[in-house]
Amino acid sequence: MNIIFSPIVRRPGTDYELHMLSVEGDTLTVNGTEFTLTALEYDEETGLAGYILSATRDATDGWTVTLLLPIGDNASEAQRFPEPVTVTSGPVPLPAPPEEEAEETTTAEAE
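Structure report, in brief. (Residues numbered from 1 in each chain as written. Predicted model: local features only at pLDDT ≥ 70, side-chain atom pairs only at ≥ 80, totals over all residues. Heavy atoms only, no water.)

**Here's the deal with the overall build of the chain**
Now for step 1: Helix and strand counts for the chain stand at two helices and eight strands.
Now for step 2: When its helices and strands are written in sequence order, the chain yields β-β-β-β-β-β-α-β-β-α.
Now for step 3: Evaluated residue by residue, the chain yields a buried proportion of 34% over its 111 residues.
Now for step 4: Excluding contacts between residues fewer than 6 apart, the proportion of contacts in the chain whose partners are at least 24 apart in sequence is 53%. (Helix = DSSP H or I, 4+ residues; strand = E, 2+ residues; numbered from the N terminus. Buried < 20%, exposed > 50% of the residue type's maximum accessible area, 1.4 Å probe, protein only. Contact = heavy atoms within 4.5 Å.)

The structure is reproduced here in structure tokens:
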């Protein structure tokens, strides 16, 4: 599955974040919620489903999915200008957060 991230700045006071992403066949799991791409239907008001902006299937390359990537004002370069990712199965690597945020997470995990 080819994944293209589309950064969007979070509004203050919202908890709209992308924490976890994984792929298994035609299923994309976003923050613990499974979306079967073959069953998604487009809705004029909401688009596809939450974070999923578009999902197209190509006979040669498989699925190409464009996802919203909520970022904060202090977003890292990797978050502001994310590279596309290709994953056949398993966890999807998310663009790295700012270094100070990454250091805080590492310190908290060590405790």
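Having seen the structure, we can now continue with the description.
**Description of the sheet that holds strand S8 (residues 89–91)**
Now for step 1: Strands sit in the order S4-S3-S2-S8 across an open sheet of four strands; the sheet is antiparallel. Pairing within the sheet leaves two strands with one partner each, and these edge strands are strand S4 (33–36) and S8. Averaged over all neighbouring strand pairs, the angle between strand axes comes to 20°, with direction disregarded. (Pairing = 2+ DSSP bridges. Axes fitted to C-alpha atoms, helices over the stretch in contact; angles between N-to-C directions.)

**What to know about the sheet that holds strand S7 (residues 85–86)**
Now for step 1: The strand order across the open sheet formed by four strands is S5-S6-S1-S7, and the pairing between neighbours is mixed. At either end of the open sheet lies a strand with only one pairing partner, and these are strand S5 (52–58) and S7.
Now for step 2: Here strand S1 (residues 2–9) runs beside S7; their pairing, made up of two bridges, is antiparallel. Bridge assignment links Ile-3 to a residue of S7, and that residue is Val-85.

**Looking at the pairing of S5**
Now for step 1: Bridge analysis of S5 against strand S6 (residues 62–71) gives six bridges, and the strand direction is antiparallel. For Ser-54, the partnering residue across the bridge sits in S6 and is Thr-66.
Now for step 2: Two successive antiparallel strands, S5 and S6, enclose a turn made up of three residues.

**Section: the nonpolar core**
Now for step 1: Ile-3, Phe-5, Leu-28 and Leu-67 are the most contacted members of the largest nonpolar core, which has 22 residues in total.
Now for step 2: Of all the elements in the fold, those that place two or more residues in this core are S1, strand S2 (21–24), strand S3 (27–30) and S6.
Now for step 3: Here the element with the most residues in this core is S6; it accounts for six residues.
Now for step 4: With residues near it in sequence (within four places) discarded, Phe-5 still touches Leu-18, Leu-21, Leu-67, Leu-69, Pro-82, Glu-83, Val-85, Val-92, Pro-93, Leu-94 and Pro-95. (Core = buried A, V, L, I, M, F, W, Y, C linked by side-chain atoms within 4.5 Å.)

**Observations regarding the pairing of S4**
Now for step 1: With four bridges connecting them, S3 and S4 associate as antiparallel partners. For Thr-27, the partnering residue across the bridge sits in S4 and is Thr-36.
Now for step 2: Connecting S3 to the next strand, S4, in antiparallel fashion are two residues, including Asn-31 with a positive phi near 50°.

That is the geometry; function is a separate question.
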